[in-house]
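Commentary on secondary and tertiary structure
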Amino acid sequence: MTRVAAVDCGTNSIRLLVADVHPDTGELVELDRRMTIVRLGQGVDRTGRLAPEALERTFAACREYASVIEEHGAERVRFVATSASRDAENRDDFVRGVVDILGVEPEVVTGDQEAEFSFTGATRELTGRADLKRPYLVVDIGGGSTEFVVGEEHVRAARSVDVGCVRMTERHLVRDGVVSDPPSAAQVVAIRADIEAALDLAEETVPLREARTLVGLAGSVTTVSAIAQDLPEYDSGRIHHSRITLDRVREITEWLLRSTHAERAAVPSMHPGRVDVIGAGALVLLAIMERVGADEVVVSEHDILDGIAWSCASEAR
């Protein structure tokens, strides 16, 4: 077993996984897993730059994570940064801050690399399950981008598109710094048009409709699962490998898009940082399910973070 620490820094959140990993047996023993909403991508779609307050929120989380990593004595650390830091003009400020705090340089990965990590993390433990047919389509709905990966045991095709819950919210639902509450019908139509255009792009590379099992990753999908199960609090154990039907996803999405901030915030399983962006995230999931003809989505709590941990352990050998 190799003790590793994996950090995934996305547009909306930064997450840490410390685990003991055995690449040969496929065993991953989780020691610590945590997530902090930092909104690193705040305003990036509009300004092209990482906001100073967003950087400071991210660096504060990194300082917390550095203490956890030291406490557990991880042998290797890998820090992967995704959409927001890939797009920003001042990404060097971000890189320097992470190196100063964690001692490792963040790898600003391509969309295809991001997709590969997500696929490995989501499907490694599904292999051999008779009730889940292959090929899998893994969709990772992030803050700034969504990754699509089709494969059996390995990736066959992948594509990243610039549609995510934060990007769609900021592009279509924010007026004068305030999020529409709830959005108008015209705003929802505009988001849906962007999503459909992104799906057209994804389908140029990835045979979405060939998939036999749809696996959904990241906070928008797991939050929809928590709502579907009417959980009294966010419960990873009940969310992981839960299944949500298309009809239930449609019902939840329609409610989220007509609800107020206060109504969404009152959902007991809702993270405060997702209240304003969950409607757009759920709409991305619904559009994907309708496009590929999926009757249900299998929800996974294991995603890019677990894929990063696997890669880190493999390189350590």
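All of these numbers come straight from a predicted model, not from anything done at the bench. (Residues numbered from 1 in each chain as written. Predicted model: local features only at pLDDT ≥ 70, side-chain atom pairs only at ≥ 80, totals over all residues. Heavy atoms only, no water.)

With respect to the sheet that holds strand 12 (residues 243-245)
The strands making up a sheet associate through backbone hydrogen bonding, with each pair oriented either parallel or antiparallel. Taken in spatial order, the six strands line up as 8-7-6-11-13-12 in an open sheet, and their pairing is mixed. Both edges of this open sheet fall to strand 8 (155-161) and strand 12, since each of them pairs with a single strand only. Going across the sheet, the axis of each strand differs from the next one's by a mean of 25 degrees, ignoring polarity. Inspection of the sheet shows strand 6 (residues 136-141) paired to strand 11 (residues 213-217) by five bridges, in the parallel sense. Its bridge partner lying in strand 11, Leu137 is registered against Leu214. The sheet strands contacting helix 8 (residues 219-228) are strand 6, strand 11, strand 12 and strand 13 (296-299), and the helix crosses strand 12 at an angle near 80 degrees. (Pairing = 2+ DSSP bridges. Helix = DSSP H or I, 4+ residues; strand = E, 2+ residues; numbered from the N terminus. Axes fitted to C-alpha atoms, helices over the stretch in contact; angles between N-to-C directions. Contact = heavy atoms within 4.5 Å.)

As for the nonpolar core
Of all hydrophobic cores here, the largest spans 48 residues; its most connected members are Leu137, Phe148, Ile195, Leu208, Leu214, Leu285 and Ile288. If you list the elements that add at least two residues to this core, you get strand 6, strand 7 (146-151), strand 8, helix 7 (185-205), helix 8, helix 10 (246-258), helix 12 (278-292) and strand 13. Tallying contributions element by element places helix 12 first for this core, with eleven residues. Those residues within four positions of Leu214 in sequence are excluded, and the remaining contacts are Leu137, Val139, Ile288, Met289, Ala294, Glu296, Val297 and Val298. Grouped together as the second largest cluster of nonpolar side chains are 27 residues, Val38, Cys62, Phe94 and Val98 included. (Core = buried A, V, L, I, M, F, W, Y, C linked by side-chain atoms within 4.5 Å. Buried < 20%, exposed > 50% of the residue type's maximum accessible area, 1.4 Å probe, protein only.)

Notes on helix 10
Look at helix 10: 19 Å from first C-alpha to last across 13 residues, which is about the 18 Å you get at 1.5 Å a residue. Buried within helix 10 we find Leu246, Val249, Ile252, Thr253, Leu256 and Leu257. When helix 10 is viewed along its axis, its buried side chains cluster within an angular range of 130 degrees and face the same direction. Set apart from the buried face of helix 10 by more than 90 degrees, the exposed residues are Asp247 and Arg258. Contacts from the buried residues of helix 10 go to helix 7, helix 8, strand 12, helix 11 (261-265), helix 12 and strand 13. (Expected span 1.5 Å × (residues − 1). Arc of directions from axis to C-beta.)

Overview of the packing of aromatic side chains
For the structure on display, the rule yields one aromatic pair. A cation over an aromatic ring shows up here: Arg124 above the ring of Trp310, its NZ or CZ 3.9 Å from the ring centre. (Phe/Tyr/Trp six-rings, centres within 6.5 Å; stacked < 30°, edge-to-face > 60°. Lys NZ or Arg CZ within 6 Å of the ring centre and 35° of its normal.)

Observations regarding the pattern of salt bridges
Taken as a whole and judged by the stated rule, the model has 31 salt bridges. Taking the shortest distance from any N to any O, the salt bridge between Arg49 and Glu89 comes out at 3.7 Å. Note that Arg49 is positioned in the loop between helix 1 (44-47) and helix 2 (52-72) and Glu89 in the loop between helix 3 (83-87) and helix 4 (91-102), a separation of 40 residues in sequence. With a shortest N-O distance of 2.5 Å, Glu290 and Arg192 are connected by a salt bridge. One end of the pair, Glu290, is in helix 12; the other, Arg192, is in helix 7, and 98 residues separate them in sequence. Residue classification places Glu290 among the partly exposed positions, given a relative accessible area of 31%. Residue classification places Arg192 among the partly exposed positions, given a relative accessible area of 23%. (Salt bridge = Lys/Arg side-chain N within 4 Å of Asp/Glu carboxyl O.)

So, the pairing of strand 6
With respect to burial, strand 6 is a largely interior element, six of its six residues being buried. Burial along strand 6 is two-sided: the residues Tyr136, Val138 and Asp140 and Leu137, Val139 and Ile141 are all buried. Examined bridge by bridge, strand 6 and strand 7 share six bridges and lie antiparallel to one another. Within strand 7, the position partnered with Val138 by the bridge is Val149. A loop of four residues connects strand 6 with strand 7, the two strands running antiparallel in sequence.

Description of unusual backbone geometry
Pro135 follows Arg134 through a cis peptide bond whose omega is 5 degrees. Position of Pro135 among the secondary structure elements: in the loop between helix 5 (111-123) and strand 6. Cis rather than trans, the peptide bond between Asp181 and Pro182 has omega equal to -5 degrees. In this structure, Pro182 sits in the loop between strand 10 (178-179) and helix 7. One non-glycine residue, Ala218, adopts positive backbone phi at about 85 degrees. Here Ala218 is to be found in the loop between strand 11 and helix 8. Phi at Asp230 is positive, roughly 55 degrees, even though this residue is not glycine.

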